[in-house]
Amino acid sequence: MKGSGSLSSLRAALDPGRYWSRAGEQLQTTTSGAAVARFGQYAVLPLLAIAGGLGPSYFGIRWTFAILVIVMYALLRSRSGLFGMVVLGAMLVYLPHQMDTFERGIMFDIALYALLGIGLNVVVGYAGLLDLGYVAFFASGAYLYALISAPQFGGGFDVGTSFWIVLPMAMVLAALVGIALGVPVLRLRGDYLAIVTLGFGEIIRIMINNQDGVTNGPVGVFAIPKPHFGSTELSGPVELYFVVLAGCFVAAFAAERIRDSRVGRAWEAIREDEDVASSMGVNTTAYKLMAFAIGAAIGGGGGVIYSAKQSAVFPSDFNLDVSINVLALVIIGGMGNVRGVILGAMLLIGLPEVLRDFSINIAFIHLDNLGADYRLVIFGAALVAVMILRPEGLLPARRRQAQFEPADVLEPEVAT
Amino acid sequence: MQEWIQLLIDGITIGGVYAVIALGYTLVYGVLRMINFAHGELFMMGAFTGYYTLNGFEKHSSLNDSVPVLTIAIAIVLGMVVAVTLALVMERIAYRPLRRAPRLAPLISAIGVSILLRNIMLRATNAQGKVYPKVFPRTAVEIGEIRLLYVQIFLIVLSFVFLGLLYLFIQRTKAGVAIRAVAEDRDTASLMGINVDRTIMTTFAVGAALAGAAGVVYGMFVTTATSGMGFIPGIKAFTAAVLGGIGSVPGAMAGGYFLGISEAISTKFFGAQYKDVVAFVLLVAVLIFRPWGLFGKREDKRA
Amino acid sequence: MAILSVRHVSRAFEGLIALNDVSMEVEAETIVGVIGPNGAGKTTLFNLLTGFYRPTSGEIWFEGKRVDGLPLHRIAAAGISRTFQNIRLFSNMTAIENVLVGSHLHLSTNIATAILRLPFTVKQEKRAVQSAVETLRFVGLAGRENELAWNLAYGEQRRLEIARALAVRPRMLLLDEPTAGMNPGESVDMIRLIRALRDDLRMTVVLIEHQMRVVMGVCEYITVLDHGEKISEGRPEDVQKDQRVIEAYLGTGALLSEGAS
Ligand SMILES: Nc1ncnc2c1ncn2[C@@H]1O[C@H](COP(=O)(O)OP(=O)(O)O)[C@@H](O)[C@H]1O
Ligand SMILES: [Mg+2]
């Protein structure tokens, strides 16, 4: 075949703009046209953000929004990912120093949810397993750290170092919980799996609530110590924010590399047609368990950090809403795609905080505290809207970098 | 012995509610192969409609006292109307566009609808539960140690009535035959001249009517309506539908009673706080060991 | 020795007996045709051979190993691969990715090596890509590597299914109506491809086929099914004359018109 033909189809396959609009697709016949189209599409989001940022509420929100704008710009703009990552990294490291405690708390939440989203995305986005009980793993991690380190349970570990020991332990524990839950249910069809995992999430919460002897029940666990790094105590939201941030980068890196390997390909095949994947030699149960375990491990790690940040955990922290928040940000942001997850975390976790006391007064509609009170209303509507209008989410998964470069064909080895 | 009878009666009471709601899951699953995650919220909306209706009568008239039968009937009918309307709207907006989409899409959409309805009601009620006016005397028939509230008797009888009516509807009416035909094979049914869209809407409507009515009666039974009240019964009813073999109408009925009774009995052994766990464990066990249901026939998994 | 041995296999669906006590043997490195009117049970036979269904009774042996009842992926590992009558590609994956999924069993990357991306892993992946490109070229899809499967033309999709099945490196390949929906020109290409599978790759090929021209042209041995029963088998020219086969096809006209054309 003509090399140029395959090259241009390769480009087309790699171009995220392709998914964005028909207009964009047509304009892409010329390079400048494409640029214009892309700019038009991407400009909308920052503008929206700026408009929102100039809105009525003011506790330093502009910083949060500045990040949102710049990061989204970087994320959307960069093709190689490198530019975006550098800018993103710089912003994420620099901005918290400019913030007050409240805003740092928001940054922590965004990062934590992004971390959870990266984990759940492995399960839902990569392997196509709808898990509505993700909170179970988050809870296992949080309670493991709480129970091991809190003084009310003896605090058997050396408080200064226990965090770094418990973190991997919790990840392993959560992975094991994931496998234990997964073994019986992974033979189930997708929608059954959703309900059963939801059930597991609830069971875990009910158990924590009722096993007073072990977990202190609804009263919760208090005085959970902060981690130390060397001799510094990581006590404030900024320090722990950096811990989560590091976690996000490691998790994202690992997740994307796995996705781009034989393992990720097997997941994608399972998502497309499980029986056929199996018929091509993929041990579907094992691969689904793998996805479950990885997702669970990340969730468990997130739980440990959460526990350390909060200093106290209660069963009510681990209700269905957590699972739904994480699922919503994965789906709305863009399934199967870490950038989408980050965008989703910013929009779904950050935006409601920014709009916490934002009010709408149009004609006879008066909605106060939009971000605080109506976030779940909006999540619900957004899930429906995204499924109907943009099933791939706001930032759809880019076609994987093709493993195949046209140059490979030029010197074929003799098939053996 | 009397204790067991009491447990049985309590089980039948709640089981009737599960059975009636479960029919909605099973019917919709039958025609669309989709779990209508928001079905429990229709039940919740029914309960709120019941509250607003009865409360309206309470405030502005004395009809609740003079002719409670009438006000209750009106409340039930309105509960059904509201639930049906909502169901038709959600079918049209949230599900129909996704009929040919990948399997997870309608499910996620349904989860969205469920979250949406629950939180709209949470806001609309300022997170306060609504307490039903006393329409039924909270008195009980007592036989030995067995206690049976009047409203409980009403609930039990009514669920039998609804189940019977639904059975007749499915078996005897043209619309019922159409539903069964679409459930069997949508494309063939369409070729035979059945209006599939219409039949799917009928299915949603029938399921919603049952859920709405169940909501009103259940609301009277537990005397409060809250935005979250549809969630657990919804999951339970789904469990009931699965127990009975999802897609099967008699199965859903039997599954509802089976689950209600199992739950009631389990409280004796594990305490009430583990009731929900029992239901989930049953659900998981059935899905794993008998995915075609306790009463259904085995089917080949792969087409 | 026979590579495949089907022994008294039956399969029922809720009363309907789709296959009834069918036995057959397939010699290694032959091209065998399975024919019969619609609903005869041909696809059901393939589903049994590849583990999509379990036989209600009977046994299936492949290369001296019993394979009925094994999970799908173990049957693939045993050396059987297939295509589907109603094409079942991973439609949102590219052509080359489809083929790479087929080579799953021959790669070793796991989670750890994927994260570390060791030189060994990279090299292995490169080789897999190389051979996927080769496979695609073999079936005539050179240059279409990065096309999404659902964007391919119908005939290309059929060939991609074959490429994916070949990537499993099976010793026996099952093709379910490989020329369905193809024009005569494409059918001729397909016949050529099937021959090459056996001649160049030394594979055993079993194919379900309706076009008698293809069957007679490429198969060395034929099994005829009707209403779930094996009614005849033998060399093409003999089967064609078999009275029971003619009766089974009577009224369908397939044997006469297509056989003659
Ligand atoms: N999963 C199934 N459930 C019920 N009946 C089936 C199933 N698969 C095949 N059948 C029936 O078995 C018979 C044989 O089908 P099949 O093997 O597909 O025939 P063909 O020879 O045309 O490939 C048909 O009557 C078909 O309806
Ligand atoms: Mg067939």
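Our subject is the structure listed above.
Conventions adopted
Counting restarts for each chain, with residues numbered from 1 along the sequence as it is written. To label them, take the chains in the order written and letter them from A, then take the ligands in the order written and number them from 1. The model is predicted, so local features are restricted to residues of pLDDT at least 70 and side-chain atom pairs to those at 80 or more, both for listing and for counting; the totals for chains, interfaces and linings are taken over all residues. Hydrogen atoms and water are omitted, and side-chain values are computed over all heavy atoms in the structure. Runs of E in the DSSP output that reach at least two residues are strands. Runs of H or I that reach at least four are helices, and both are numbered from the N terminus. Take the number of residues in a helix, subtract one, and multiply by 1.5 Å to get its expected span. Whether a residue is buried, partly exposed or exposed follows from its accessible area with a 1.4 Å probe, protein chains only, as a fraction of its type maximum: under 20%, in between, or over 50%, in that order. Any pair of residues with heavy atoms lying within 4.5 Å of one another is described as a contacting pair. Defined in terms of a 1.4 Å probe, buried area is the accessible area two parts forfeit on being brought together, summed over both. Within this document, salt bridges are pairs made up of a side-chain nitrogen of Lys or Arg and a carboxyl oxygen of Asp or Glu, the two lying within 4 Å of each other. Residues adjacent in sequence count toward polar contacts only when both atoms are side-chain atoms; beyond that, a polar contact is any pair of N or O atoms within 3.5 Å, and within protein one must be able to donate a hydrogen and the other to accept it. Throughout, the ten residues Ala, Val, Leu, Ile, Met, Phe, Trp, Tyr, Cys and Pro are labelled nonpolar, Asp, Glu, Lys and Arg are labelled charged, and all others, Gly among them, are labelled polar. It suffices for a single heavy atom of a residue to lie within 4 Å of a molecule or strand for the residue to be listed as near it. For accessible areas, the Shrake-Rupley method is used with a probe of radius 1.4 Å. Any residue's cover is judged against the shown protein chains and nothing else. Only centres within 6.5 Å qualify two rings of Phe, Tyr or Trp (six-membered ring in Trp) as a pair; their planes then separate them into stacked at under 30 degrees, edge-to-face at over 60, and tilted for everything else. Sitting over a ring, as applied to charges here, requires NZ of Lys or CZ of Arg to be within 6 Å of the ring centre and within 35 degrees of the ring normal.

### Brief notes about helix 7 (residues 135–149) of chain A
A rise of 1.5 Å per residue sets the reference length of helix 7 of chain A, with its 15 residues, at 21 Å; its end C-alpha atoms lie 21 Å apart and thus fit the reference within 8%. For helix 7 of chain A, the tally of buried residues reaches 14 of 15 residues, placing the bulk of the element in the interior.

### Some words on the interface of chain B and chain A
By convention, interface size is frequently given as the accessible area that disappears when the constituent parts associate. Counting residues at the interface gives 38 residues for chain B and 37 residues for chain A. Taken over both partners, the interface formed by chain B and chain A buries close to 3,500 Å², and the fraction arising from carbon and sulfur atoms is 78%. Counting across the chain B and chain A interface gives zero salt bridges. Connecting chain B to chain A are one residue pair in polar contact (both at pLDDT 80 or more). Of all elements in the fold, only helix 4 (68–95), helix 5 (104–124), helix 10 (231–243) and helix 12 (275–289) of chain B reach the threshold of two or more residues within the side of chain B that touches chain A. The class makeup of the residues in the side of chain B that touches chain A is 29 nonpolar, four polar and five charged.

### Here's the deal with the site of ligand 1
Residue and element names in this part refer to chain C. Every residue near ligand 1 is listed here: F13, L16, A18, N38, G39, A40, G41, K42, T43, T44 and Y53. The contact in question runs from an oxygen atom of ligand 1 to an N or O atom on the backbone of A40, over 3.2 Å. In this structure, G41 approaches ligand 1 through a main-chain N or O atom, which is 2.9 Å from an oxygen atom. Relative to its unbound accessible surface of 560 Å², ligand 1 loses 67% to contact with the protein. Those elements that place two or more of their residues in the shell around ligand 1 are strand 2 (16–27) and helix 1 (42–49). Sorting elements by how many residues they give to the shell around ligand 1 places helix 1 first, with three residues.

### Re the packing of aromatic side chains
The tally for this structure, following the rule as stated, stands at 24 aromatic pairs over all chains. Seen in terms of ring centroids, Y306(A) and F318(A) are 6.0 Å apart; in terms of plane orientation they differ by 75°. Their pairing is edge-to-face. Taken together, the residues span a long stretch of sequence, with Y306(A) in helix 14 (residues 284–310) and F318(A) in the loop between helix 14 and helix 15 (320–334) at a distance of 12 residues. The exposure class assigned to Y306(A) is buried, which follows from its relative accessible area of 13%. Aromatic ring contacts, followed pair by pair, group F138(A), Y143(A), Y306(A) and F318(A) into a single cluster. A cation over an aromatic ring shows up here: K268(B) above the ring of F269(B), its NZ or CZ 5.8 Å from the ring centre. A cation over an aromatic ring shows up here: R11(C) above the ring of Y53(C), its NZ or CZ 5.2 Å from the ring centre.

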